[in-house]
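Report on the structure
The primary structure of each chain is shown beneath.
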Amino acid sequence: MDTVAVAVASLLLVGAAGGCPALCKCFPEYLECGNLSLSLLRADMFKGADVMMVPELYLDHNSLQQLPTGVFAPLHRLRVLSINYNSLASLPVDAFTGLRALEYLHLRDNRLQTLPEEVFASQVELLYLDLRYNLLTSLGVATLSPLRRLTALVLRGNPLFCDCALKPAATWASGRDIESDGECEAPPERRGYSWDADNDCAFPWRTLALATLVIPAGCLAAVVVAALCRRKRRIPQPVYDDAWAEHHYETIPAEKRFDQPEVARYVPGPSHPSDLRAAA
């Protein structure tokens, strides 16, 4: 469908509020708005009495780049929402506000890089979340925590960076036996591993605990070495000259002294240098 056709389709959808959106196919069981090359949705396009009770909505294979705030809010009974194969780069935090009965949400093959923390705050009944083939590198546990009944989280095809920031979400999912196929793209040593595989991630508090042991020990060692160095510098170095020899001779008991001073100079003492033992 060319640019003119896309524009016409968008205008028809904009002008169809109140009933079944133009170009869409409305049935009691579902509403089909796929394969229309739609680039936008009007904020009130699903407020018509003909669609408010529909249980399934399909918007696959369009060109949607963004969703209006609260566009799906009137669909209180919606159980299945499929927006696969579009160009969504981001989602507003209240994109799915009001969809408390939603059980299946399909968002595969878009361009999502991040998800707001409270984007799934209303989806307390969600069972299946498909995020395949997007551009997600991380996923916060705060984003997933409202999904108390989730049984499947499909993440294949996302360039997940499996570091400490991602691990809480992976632990949350595995701890609830949620089926998931996320695979690490980075760092290189984790590439190809399951996103919930144990990677011995060093959490900050573990590093802090180690630092509280290592740093004081290092400081204590430095203090001891410095004290020993100062002590060593304070030890007076003996001066091995004639004055030293005469003093040492005077400390020898009288009965052990020699009458010859030149002999007395060579009497071994506790700190007498051996190189003074020259032959007379």
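This text gives an overview of the structure that appears in the document. Owing to the predicted nature of the structure, the values given are computational and were not obtained by experimental measurement. (Residues numbered from 1 in each chain as written. Predicted model: local features only at pLDDT ≥ 70, side-chain atom pairs only at ≥ 80, totals over all residues. Heavy atoms only, no water.)

**Focus: the side chain of Glu56**
For clarity, the cut-off: Going along the chain from the N terminus, every DSSP run of H or I of four or more residues is numbered as a helix, and every run of E of two or more is numbered as a strand. Buried residues are those whose accessible area, probed at 1.4 Å on protein chains only, stays under 20% of the maximum for their type, while exposed residues exceed 50% and partly exposed ones sit between those limits. Any N or O atom pair separated by 3.5 Å or less is treated as a polar contact, with the protein-specific requirement of one donor-capable and one acceptor-capable atom, and with residues adjacent in sequence counted only for side-chain atom pairs. The contact criterion used is simple: two residues touch if any of their non-hydrogen atoms lie within 4.5 Å.
Residue position: Glu56 is located in strand E3 (residues 56-58). Residue Glu56 is classed as buried on the basis of its relative accessible area of 19%. Within the local environment of Glu56, its side chain forms a polar contact with the side chain of Tyr58, the two groups lying 2.6 Å apart. Residues in contact with Glu56, not counting those within four places in the same chain, are Glu29, Tyr30, Leu31, Leu78, Arg79 and Val80.

**Examining the sheet that holds strand E2 (residues 31-32)**
As a reminder of what qualifies: A pair of strands is treated as paired once DSSP finds two or more bridges between them.
A sheet is described by the order of its strands in space; here eight strands give the open sequence E1-E2-E3-E4-E5-E6-E7-E9, paired in mixed fashion. Edge strands, defined here as strands with exactly one partner in the open sheet, are strand E1 (25-26) and strand E9 (179-180). Two strands pair when backbone bridges link them, and strand E7 (residues 152-154) and E9 are joined in this way by two bridges, in the parallel orientation. Residue Ala152 lies in a different strand from E9, and its bridge partner there is Glu179.

**Section: the state of the cysteines**
Cut-off, in case you're wondering: Pairs of cysteine sulfur atoms within 2.5 Å are what we label disulfides.
Summed over the entire model, instances satisfying the criterion amount to three disulfides. Here Cys162 pairs with Cys184 through a disulfide, and the sulfurs are 1.9 Å apart. Between Cys162 and Cys184 the disulfide shows an S-S torsion of about -100°. By sign, it is left-handed. Here Cys162, found in the loop between strand E8 (160-161) and helix H3 (167-175), pairs with Cys184, found in strand E10 (residues 184-186); they are 22 residues apart in sequence, far enough to count as distant. The buried category is assigned to Cys184, whose relative accessible area is 2%.

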